[in-house]
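Chain by chain, the residues run as shown.
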Amino acid sequence: QVFRLEDYGPSDYLIPETDLTFQLDSADTRVEARLTVERRDGVAADRPLILDGDGLTLESLLVNGAPVAESDYEATADRLVLRSTPPAKRFELTLVTRTDPSANKALMGLYVSNGVFCTQCEAEGFRRITYFLDRPDVLSVYRVCLEADRKTAPLLLSNGNPTDSGELEHGRHFAVWHDPHPKPSYLFALVAGDLGAVHDTFTTASGRDVTLAIYVEHGKEARATYAMDALKRSMRWDEERFGREYDLDVFNIVAVSDFNMGAMENKGLNIFNDKYVLADPETATDMDFANIEAIIAHEYFHNWTGNRITCRDWFQLCLKEGLTVYRDHEFSADQRSRAVKRIAEVRTLRAHQFPEDQGPLAHPVRPRRYREINNFYTATVYEKGSEVVRMIRTLLGADKFRAGMDLYFERHDGQAVTIEDFVRCFEEVSGADLAQFALWYHQAGTPNITASGRYNGRAREFTLEIEQSVPPTPSEARKRLMHIPLAFGLVGSNGEDMTFDGADGATVEDGVIHVRKRKHVIRFKGIGARPVVSLNRGFSAPVTLSLEASAEDRMFLARHDNDLFSRWQALNTLFTEALIEATQRIRGGKEAAFPDELLAYPAEIASDETLGAAYRAQALTLPAEADIAREIGSSIDPDAIHAAISGLREAIGSQCAGTFGELHEALDSGETFTPDAASAGRRALRNVLLDYLSAGTGTPEHATRQFETADNMTAMAAALAVLAHQFPHSPQTAQALAQFEERYRGNPLVLDKWFMVQATTPGPDAVERVRGLMAHEAFSLANPNRVRALIGTFASANQTGFHRADGEGYRFLAETVLAIEKDNPQLAARLAIAFRSWRSLEKKRQEHAREALATISQAKELSRDLRDIVERTLA
Ligand code: ARG
Ligand code: ZN
């Protein structure tokens with residue numbers, strides 16, 4: 001079945017009030033739902049009421065308190081149909097269903113994780129709990145009563161505010177929660193179990209006192225304090241930057257160890273993958289701390305962008321996700337270094353969204369059709385969706401952007417709306433016509449910009465030719481011209497931006513060129529000397545850019561551009577070009593060779609004190625193998641790319657050994673660990689240097705020393721990765737791996753790092769290594785974090801291992817995906833997207849990948865999730 005945007009129609013019936021009573025039992029939970037149902041005006045009573053279900057059995061049904069004749073309804077696992085409804089507009093439906101939470105391995109609906117009852121309802125999990133109008137435009141006020149055994153579940157949580165609690169017979173107790181804010185069913189949540197907590201309070205700008213709590217397994221409370229700090233900073237930031245206050249008396253967060261995604265923004269009761277809550281210096285890396293900060297903020301920000309204003313239907317997913325990612329990006333940029341944050345965002349976008357947009361799974365930010373909505377929680381909806389909001393801000397400027405957001409909050413509070421409603425707010429406050437711009441929501445594919453410049457000294461003119469094109473994708477064969485805002489500068493020889501007397505050929509305003517036609521020839525007048533053009537500054541538009549420029553000009557920008565993102569980009573482009581050339585040489589049986597300046601410059605930038613350490617670490621980080629593969633685009637040989645990158649790392653490492661060695665030493669300050677951005681930056685720089693030093697000297701000594709003396713996980717995990725990746729067969733590596741395993745045996749989240757490091761160890765024996773680790777006592781196919789650490793990392797980040805020339809990596813993934821799929825279709829479908837770029841591989845690998853995909857698609861009783869991914873990938 002295919003769902004289509006154009007088929008949307010409002011529901012005939014609404015459910016203004018929902019009253020739920022859960023008698024929680026891990027094997028047999030009884031759910032009683034009392035629904036106040038209302039027929040929409042103009043809808044006749046003989047219109048059937050059709051409620052969604054998923055795997056349910058109905059135990060009893062009452063309408064207005066009376067039983068219903070068998071002939072008047074039909075209940076199957078997937079739906080409950082009431083053939084006609086009472087004459088009065090409002091009536092009450094009481095239904096009882098039973099579920100077995102401990103048997104729920106899909107982790108959707110009500111399930112048990114480590115003895116704790118919890119729920120995940122987005123997108124369509126509520127229908128696994130009771131029959132309901134399980135669609136985001138049906139908003140309801142919930143009252144929830146939870147009953148459970150007091151011993152095993154002293155803690156009973158749901159959405160909203162607590163209103164009542166007390167004792168029951170047989171050692172059981174109850175709690176009642178009331179959420180005054182009407183919400184869609186996907187935001188429903190409950191948690192019941194025995195957990196420890198950290199508590200805090202927050203007073204909102206207008207003086208509301210909010211009780212905050214983060215619940216974790218007993219004994220892990222200390223590891224939740226950073227998350228609590230991040231929560232309070234998020235709450236303050238949303239008031240200051242967006243004027244958004246919290247709206248309940250309590251805000252609860254619960255960390256669970258079995259969770260399909262990162263976290264979930266249930267109203268007043270966020271549920272988190274414990275990976276994004278738990279952190280301390282000994283067990284978490286700086287990356288973990290940054291992720292926790294970002295995801296705590298993301299889920300909190302959903303309270304306004306997602307919960308108070310929600311989506312009309314699931315085609316509008318980016319309305320809440322793209323916007324909320326944009327908000328969490330801005331938050332992190334304000335908390336840390338803006339330039340470094342931007343570079344990291346762009347790396348993520350290119351690594352995850354570009355391949356999606358350029359392959360068989362490409363879809364618009366606002367899709368028009370889907371078979372399984374779970375497969376649309378994608379990098380395109382989230383990350384490109386965020387870029388589109390960022391571009392709106394670029395087009396309008398800070399003040400009008402804020403005015404548009406204010407109007408959106410004011411006009412649509414309490415509603416379920418569309419992207420069109422969102423865009424209209426910005427058009428109204430600015431008077432701008434965003435019709436062409438809105439194609440960013442509706443048209444898939446990464447636009448490509450080609451550009452070249454010419455200077456005419458006699459005419460004192462600089463001419464810039466810019467052309468756009470958008471390649472065809474499965475959703476649209478022919479593309480319309482887009483409105484692409486390109487931030488730019490004409491950099492003079494002193495490094496300053498040159499001013500000009502005017503420009504024609506395109507709208508050029510506030511440092512932005514507005515590309516709207518296929519081709520623009522822009523003439524900048526009154527330019528006294530040849531400038532070097534810096535284009536797409538700050539990555540103002542999510543495009544691929546081929547800018548004709550000499551290596552000298554790029555190096556000039558790497559040294560002098562006053563936009564820090566573009567400095568990084570210029571150097572990154574130089575690395576990329578050198579690596580592509582080296583890859584071709586290696587494939588042609590020649591030695592890789594690199595330009596001298598590219599080998600010497602890293603020492604210069606590493607010790608440039610005018611730049612922050614975190615920034616220098618980013619500048620020194622070479623493009624990943626997948627980056628080079630994407631740039632090459634077709635007939636890819638991952639082994640040659642790997643050899644090229646290793647060659648460049650080694651060449652830089654030995655050329656810069658002196659400087660890098662001293663700096664690596666100097667950065668080991670012995671200071672006590674703090675997770676702030678500045679200290680994290682120094683650790684990041686130190687770790688990049690370690691990678692080069694080890695490659696340059698060809699010995700594991702530096703890494704072994706760092707591993708042995710490390711007093712924090714950032715230093716330790718980085719040293720372990722260098723050992724395992726560069727010296728997989730050395731005794732030092734074996735010893736470090738064994739020590740790490742021994743030390744963190746009892747801590748699954750830390751052991752995930754050990755799995756990851758081995759899953760990403762390059763080379764043909766990676767498949768066997770990963771197979772072997774699946775038998776490790778700490779590994780389990782039932783836990784998404786374990787699966788992602790070992791299998792997911794192998795498939796997405798081990799280019800030489802997964803893409804082994806004989807196809808064994810593909811066969812392994814196909815087999816594993818099928819094994820997981822039976823219990824957890826969502827997780828299996830996620831893993832299978834590792835196949836998405838198969839057509840860009842060289843011939844033999846393509847054939848092997850096609851066969852592996854065919855094996856999956858021929859399996860019988862395939863889940864909707866996996867079938868959808870595999871069929872689109874093969875199409
Ligand atoms: N809304 C969640 C977020 O914060 C993601 C939940 C997705 N869950 C799913 N089963 N598809 O981004
Ligand atoms: Zn989200």
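The name an unreviewed UniProt entry assigns to the chain is Aminopeptidase N, from the organism Nitratireductor thuwali. The heading Sequence similarities (unreviewed entry) in the UniProt record of the chain holds the text "Belongs to the peptidase M1 family." The Cofactor (unreviewed entry) comment attached to the chain in UniProt states, word for word, "Zn(2+)".

> Hey, could you run me through the overall build of the chain in this one?
Looking only at helices and strands, the chain has 27 helices and 33 strands in total. The C-alpha radius of gyration computed for the chain amounts to 28 Å, which stays within 12% of the reference 29 Å derived for 875 residues, consistent with globular compactness. Projected onto its principal axes, the C-alpha coordinates of the chain cover approximately 90 × 65 × 60 Å. When the 875 residues of the chain are sorted by exposure, 51% land in the buried category.

> Even after reading the chapter, I still don't get the site of ligand 1, so can you show me in this structure?
Not every one of the 13 residues close to ligand 1 is listed here, only the nearest: Glu122, Met261, Met264, Asn374 and Tyr377. For the shell around ligand 1, the elements supplying multiple residues, two or more each, are strand S20 (263-264) and helix H2 (286-301).

> In this structure, what is going on with the UniProt feature "domain: Peptidase M1 alanyl aminopeptidase C-terminal" (unreviewed entry) in the chain? I would like to understand it.
Here, the residues flagged by UniProt with the feature "domain: Peptidase M1 alanyl aminopeptidase C-terminal" (unreviewed entry) are residues 552-875. Along residues 552-875, the helical share is 72% and the strand share 0%, with 44 Å between the first and last C-alpha atoms.

> What exactly am I supposed to notice about the packing of helix H18 (residues 713-726) against helix H20 (residues 748-759) here?
In a packed pair of helices, the relevant descriptors are the angle between the two axes and the axis-to-axis distance. Here H18 crosses H20 at 30°, and the two axes come no closer than 9 Å. By the angle class used here, H18 and H20 are roughly parallel. Read as a crossing pair, H18 and H20 show a hand that is right-handed. Listed contacts from H20 to Ala717, Leu720, Ala721 and Ala724 of H18 are Lys753, Val757 and Gln758. Counted by class, the contact of H18 with H20 contains five nonpolar, one polar and one charged residues.

> Explanation requested: the UniProt feature "domain: Aminopeptidase N-like N-terminal" (unreviewed entry) in the chain in the structure shown.
The residues that UniProt annotates with the feature "domain: Aminopeptidase N-like N-terminal" (unreviewed entry) are residues 19-187. In residues 19-187, helix accounts for 0% and strand for 52%; the two terminal C-alpha atoms are 15 Å from one another.

> Is there a simple way to think about the packing of helix H5 (residues 379-396) against helix H6 (residues 398-412) in this case?
Remark: H5 packs on H6, axes separated minimally by 6 Å, with the N-to-C direction vectors making an angle of 125°. One finds that H5 runs oblique with respect to H6. Viewed along their axes, H5 and H6 form a crossing whose handedness is right-handed. Along its contact with H5, which presents Ile392, Arg393 and Leu396, the element H6 presents Ala398, Lys400, Phe401 and Gly404. Here the residues of the contact of H5 with H6 are counted per class, giving four nonpolar, one polar and two charged.

> Explanation requested: unusual backbone geometry in the structure shown.
For residues other than glycine, phi is negative in most cases, and the peptide bonds are mostly trans. Going from Glu122 to Ala123, the amide bond is cis rather than trans, its omega being 0°. Its place among the elements puts Ala123 in the loop between strand S11 (116-120) and strand S12 (140-149). Backbone geometry at Asn64 places phi at a positive 50°, although glycine is not the residue there. For Asn64, the position within the fold is in the loop between strand S5 (58-63) and strand S6 (66-67). When the 13 C-beta atoms within 10 Å are taken as the criterion, Asn64 is described as partly exposed. Even without being glycine, Phe539 reaches a positive phi, approximately 55°.

> In this structure, what is going on with helix H7 (residues 419-430)? I would like to understand it.
Its twelve residues give H7 an end-to-end C-alpha distance of 17 Å, which sits within 8% of 16 Å, the value for a rise of 1.5 Å per residue. Every buried residue belonging to H7 is among Ile419, Phe422, Val423, Cys425 and Phe426, and all of these are buried. Axial view of H7: buried residues confined to an arc of 145°, hence all on one face. On its buried side, H7 packs onto helix H3 (317-335), H5, H6, strand S24 (416-417) and helix H8 (439-442). Following H7 by one or two positions, Gly431 has its phi on the positive side, about 75°.

> Looking at this model, I keep getting lost on the sheet that holds strand S7 (residues 73-75). Mind explaining?
The antiparallel open sheet is built from three strands, whose spatial order is S4-S8-S7. At either margin of the open sheet sits one strand with a lone partner, and together these are strand S4 (49-52) and S7. Across the sheet, the mean angle separating the axes of adjacent strands is 10° when strand polarity is ignored. Pairing of S7 with strand S8 (residues 79-82), which is carried by three bridges, proceeds in the antiparallel orientation. Bridge pairing in S8 links Glu74 to Val81.

> Help me understand the nonpolar core in this model?
One finds Val191, Val277, Leu720 and Ala832 to be the most contacted residues of the largest nonpolar core, which totals 257 residues. No other element matches H18, which puts eleven residues into this core. Not counting residues within four places of it along the chain, the set of residues in contact with Val191 comprises Val116, Phe117, Cys118, Leu157, Val254, Leu269 and Ile271.

> What is the right way to look at the sheet that holds strand S27 (residues 484-491) in this model?
Through backbone hydrogen bonds, the strands of a sheet pair up, either in parallel or in antiparallel fashion. Spatially, the four strands line up as an open sheet ordered S29-S30-S27-S32, and their pairing is antiparallel. With one partner strand each, in any of the chains shown, strand S29 (507-509) and strand S32 (532-535) form the two edges of the open sheet. Strand-to-strand twist across the sheet, computed as the mean angle between neighbouring axes with direction ignored, equals 30°. Bridge count between S29 and strand S30 (residues 512-515): three bridges; the pairing is antiparallel. Of the residues in S30, the one forming a bridge with Glu509 is Val512. The strands touched by helix H9 (residues 551-560) are S27 and S32; relative to S32, the strand with the most contacts, the crossing angle is about 65°.

Conventions adopted
- Residues numbered from 1 in each chain as written.
- Chains lettered and ligands numbered in written order.
- Predicted model: local features only at pLDDT ≥ 70, side-chain atom pairs only at ≥ 80, totals over all residues.
- UniProt positions renumbered as here; feature names shortened; annotations may be inferred.
- Helix = DSSP H or I, 4+ residues; strand = E, 2+ residues; numbered from the N terminus.
- Rg over C-alpha atoms; globule rule 2.2 N^0.38 Å.
- Buried ≥ 20, exposed ≤ 12 C-beta atoms within 10 Å, placed from the backbone.
- Near = placed C-beta within 6 Å.
- Axes fitted to C-alpha atoms, helices over the stretch in contact; angles between N-to-C directions.
- Parallel < 35°, antiparallel > 145°, perpendicular 65-115°, else oblique.
- Left-handed = near helix turned anticlockwise from the far one by under 90°.
- Contact = placed C-beta atoms within 7 Å.
- Nonpolar A, V, L, I, M, F, W, Y, C, P; charged D, E, K, R; others polar.
- Expected span 1.5 Å × (residues − 1).
- Arc of directions from axis to C-beta.
- Pairing = 2+ DSSP bridges.
- Core = buried A, V, L, I, M, F, W, Y, C linked by C-beta atoms within 7 Å.

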